[in-house]
Amino acid sequence: MANPLNRPSRKNPIVKTRLPTLPPTTRGRFALGLTAAATEGRFELQVCADCGAVQYPPREACNQCLSVELKWTPQSGAGELIATTVLHHSNDLFYRDRMPWRIGMVRLDAANDKGPSVVAHLHGDVGEAPSRVRLTARLDRSGQAVIYALPEKETPNMADDPQYRETTCDPKFRKVLVTDGKTALGQAVVKALAAAGADLIWVGQAEPWKMSPGLDKLREFPQVAIVPLDVTDADSVNKLAAEIGGKVDIVVNTAELHRSGGIGDRDNTDTARREMDVNYFGLLRLGQSFGGAMKFRAADGQSSAVAWVNLLSIYALSNFAPHGTYSASKAAALSLSQCLRTELGAAGVRVINVFPGPIDDEWNQLLPPPKLGASVVASAIVKALKDGVEDVYPGDVAQEWLTKYRENPKVLELELRGGGM
Amino acid sequence: MSALLNTLATALSGGNVRIVDLTQTLSPDFPAIVLPPEMGQSQPFRQEAISKYDDRGPGWYWNNFTLGEHTGTHFDAPIHWVSGRDLPNNAVDTMPAAHFMAPACVLDCTKESAENPDFLLTAEWIKAWEAKHGQIPKGAWVLMRTGWSKHLTDRNDAVAYQNMDATGQHTPGPDTEAVLFLVKERDVIGFGTETIGTDAGQGFHLKPPYPCHYYMHGAGKYGLQCLTNLDQLPTTGAMIVAAPLKLRQGSGSPLRVFALVEEA
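Cut-offs applied
- Residues numbered from 1 in each chain as written.
- Chains lettered and ligands numbered in written order.
- Predicted model: local features only at pLDDT ≥ 70, side-chain atom pairs only at ≥ 80, totals over all residues.
- Helix = DSSP H or I, 4+ residues; strand = E, 2+ residues; numbered from the N terminus.
- Rg over C-alpha atoms; globule rule 2.2 N^0.38 Å.
- Buried ≥ 20, exposed ≤ 12 C-beta atoms within 10 Å, placed from the backbone.
- Contact = placed C-beta atoms within 7 Å.
- Core = buried A, V, L, I, M, F, W, Y, C linked by C-beta atoms within 7 Å.
- Domains from an automatic or database assignment.
- Axes fitted to C-alpha atoms, helices over the stretch in contact; angles between N-to-C directions.
- Parallel < 35°, antiparallel > 145°, perpendicular 65-115°, else oblique.
- Left-handed = near helix turned anticlockwise from the far one by under 90°.
- Nonpolar A, V, L, I, M, F, W, Y, C, P; charged D, E, K, R; others polar.
- Pairing = 2+ DSSP bridges.

Enquirer: In this structure, what is going on with the overall build of chain B? I would like to understand it.
Expert: From N to C terminus, chain B includes seven helices and 15 strands. Computed over C-alpha atoms, the radius of gyration of chain B comes to 19 Å, within 12% of the 18 Å expected from 2.2 N^0.38 for 264 residues, which places it in the range of a compact globule. Projected onto the principal axes, the alpha-carbon positions of chain B cover approximately 65 × 55 × 40 Å. Within the span of chain B, comprising 264 residues, buried residues form 40% of the whole. Considering only intrachain contacts with a sequence separation of at least 6, the fraction spanning at least 24 residues in chain B is 72%.

Now the structure itself:
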């Protein structure tokens, strides 16, 4: 079993901070299919539609029959470890810092006994060959999929294995900023992070004269510090970044403004502006203030800067006219988060986008169920950090939209236009 | 220069007439008025540099700013309230320039407001004040001094300044009879406060709701809010300069408001 993670000792202030490096980043167009599935936590390989052969590595044509009908298909990952070795040397700057590094050869199970063999990174609890393992596709610090062999069954402290942690953004012993603690969702996120072992949780509070009883309850958590933060005010964001920016390992941006209504429901832009000011410009201000220090600290020991979570909405994918201006602000935020992903990704900091369906709050009062409880979304956020994925779609509504969006975004748009969703 | 203005100029330069700034600094964290979230919201003050001797403009510094008309220390015109909507010259751009200056009476309710944040200034209270200090002259500003501005200036405590609980805001202000007395019996130019509104925090529950807004603006009178340094004014005799920005059909405006005070 992996040694349980200990709280890291305090940073030695006279030792130079290690700069972030990335494992090999470049992938061909076909290999990106593996990464695309891994961003949502799935392990998919191409399977030949003509002969059924499972392909690895990803390719253009079947390695058995040359068919070009290769479909990305979820895999169980069950396989046999047939050889292992330990690397003690690498010219790659990322792996040089992490030697020794254990890898192995795994033959995937397949009906025709022609499962491909895969060179995989090994979780520390994977024994010597031969043994049974589970393969999974994980995102490494470059944001690309790599294949990890895990022990067949869960082992104690599994998440604490150092080689495995290179693919996770676990909040355990990390310092987290939750940008808005005044909403039920923000408060649920704080509680979920505390339960996951976060070391320190800064909780943003805008307009402190407007009371939030739930926020006061958070003061009972010893690891919580409530701080002034108004994402609509660059001064406020800059001031907090100056105070704590060099310590924040994870940002969870829960700040959002949600009002119902589309274009014709109002005759001015005031509400839409405020939605944009929080949902889009708020993210921009936070990125400008906190992004730089997080990039610098992306290899800063065990509790490095590691992830940035954005609370978006499933309405970011396609406009839901009854909440039309809100949808537009979330679509803008989605686009900006992709920019943030590129910029932070260059240092190995992961940007996680969360696309919940309607949340059971006062602004969705008139929407019929199913609506998501705040704690469900909070759990999904913490799970995404632990799994190290990029995109999560919590709840049935989000899943249904996503499926339709993937099948045909135009059909989803048409269905929404007809009120059929 | 006329003899009168010449005397004023000499008094200003010689220090016999002092200028007291009654304005709070506009900053992003200055508390904005609170309305139910489903209603239209006043934008708080926001400020962003266009350039600051940098690559955006190497030799100069300047900002863009945004804010609602009723942000920070500000002026209320009669058009602000439904009761004053049809009056002539009721907006900040059309109000008579002659109204930019007027004498002030300062009603010191500091003690009462410290004891009771929901203190309501009554007509009786004003009459008792007049018995001591003389009748409030026609066309004067009536400034309700409560010490409330010190929550911000001395303690930087916006929470205490807003003083909200589950039943809303708790700040002092005038009651309906007091407002009617000032409007009908004294024909003042307007009413000024240190708090975020000319009405009490619980003014919504008076009859009519927000009587100071309702009757003052309904009679073509003005309001001044978020004033500070009222404790530096004499009880009577100060001259107020309150000229709002000339915003087209503006309902109010942030402004630099100050007083001329003759040294004894």
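Enquirer: Sorry, what's going on with the nonpolar core here?
Expert: The nonpolar side chains of a soluble globular protein tend to be buried with one another. One finds Ala149(A), Val189(A), Val354(A) and Ile381(A) to be the most contacted residues of the largest nonpolar core, which totals 96 residues. Per-element tally for this core: the top contributor is helix H10 (residues 374-387) of chain A, with eight residues. If you count residues domain by domain, this core takes at least three from each of domain 1 (32-165) and domain 2 (175-417) of chain A. Counting residues in hydrophobic clusters, the runner-up holds 49 residues, among them Ile136(B), Tyr215(B), Leu233(B) and Ala242(B).

Enquirer: Could you clarify how one ought to interpret the packing of helix H7 (residues 270-279) of chain A against helix H9 (residues 324-345) of chain A in this entry?
Expert: The packing of two helices is summarised by the inter-axis angle and the distance between the axes. All names here are of chain A. As a packed pair, H7 and H9 sit with axes 9 Å apart at the nearest point and diverge in direction by 25 degrees. Overall, the two elements H7 and H9 adopt an arrangement that is roughly parallel. Crossing geometry of H7 relative to H9 is assigned as right-handed. Contacts between H7 and H9 involve Thr-271, Ala-272, Glu-275, Met-276 and Asn-279 from the former and Thr-325, Tyr-326, Ser-329, Lys-330, Ala-332 and Ala-333 from the latter. Taken together, the residues of the contact of H7 with H9 sort by class into five nonpolar, four polar and two charged.

Enquirer: Whenever I open this one, the environment of Ala38(A) confuses me. Can you help?
Expert: Residues and elements named next belong to chain A. Tracing the backbone shows Ala-38 in helix H1 (residues 32-38). By the C-beta count within 10 Å, which is 26 here, Ala-38 ends up buried. Excluding anything up to four places from it in sequence, Ala-38 contacts Ala-137, Arg-138, Leu-139 and Ala-145.

Enquirer: Would you mind going over the interface of chain B and chain A with me for this structure?
Expert: Many authors give the size of an interface as the accessible area that is lost as the parts come together. Residue-level contacts link 11 residues of chain B with 10 residues of chain A. Contributing elements (two or more residues each) for the side of chain B that touches chain A: strand E2 (46-54) and helix H5 (158-162) of chain B. No other element matches the three residues that H5(B) contributes to the side of chain B that touches chain A. Of the residues in the side of chain B that touches chain A, the class split is six nonpolar, three polar and two charged.

Enquirer: I keep staring at the sheet that holds strand E9 (residues 175-178) of chain A and nothing clicks. Help me out?
Expert: Backbone-to-backbone hydrogen bonds pair the strands of a sheet. The strands run either parallel or antiparallel. Residues and elements named next belong to chain A. Spatial strand order, E11-E10-E9-E12-E13-E14-E15: seven strands in an open sheet with parallel pairing. Every interior strand has two partners, whereas the edge strands, strand E11 (224-228) and strand E15 (391-392), have only one. Of the strand pairs in this sheet, E9 and strand E10 (residues 200-205) are connected by four bridges, and their pairing is parallel. Paired with Val-178 across the strands is Val-203, a residue of E10. Each of strand E13 (307-311) and strand E14 (350-354) touches H9; the most contacted strand, E14, lies at about 160 degrees to it.

The quantities given are spatial measurements derived from coordinates; they are silent on function.
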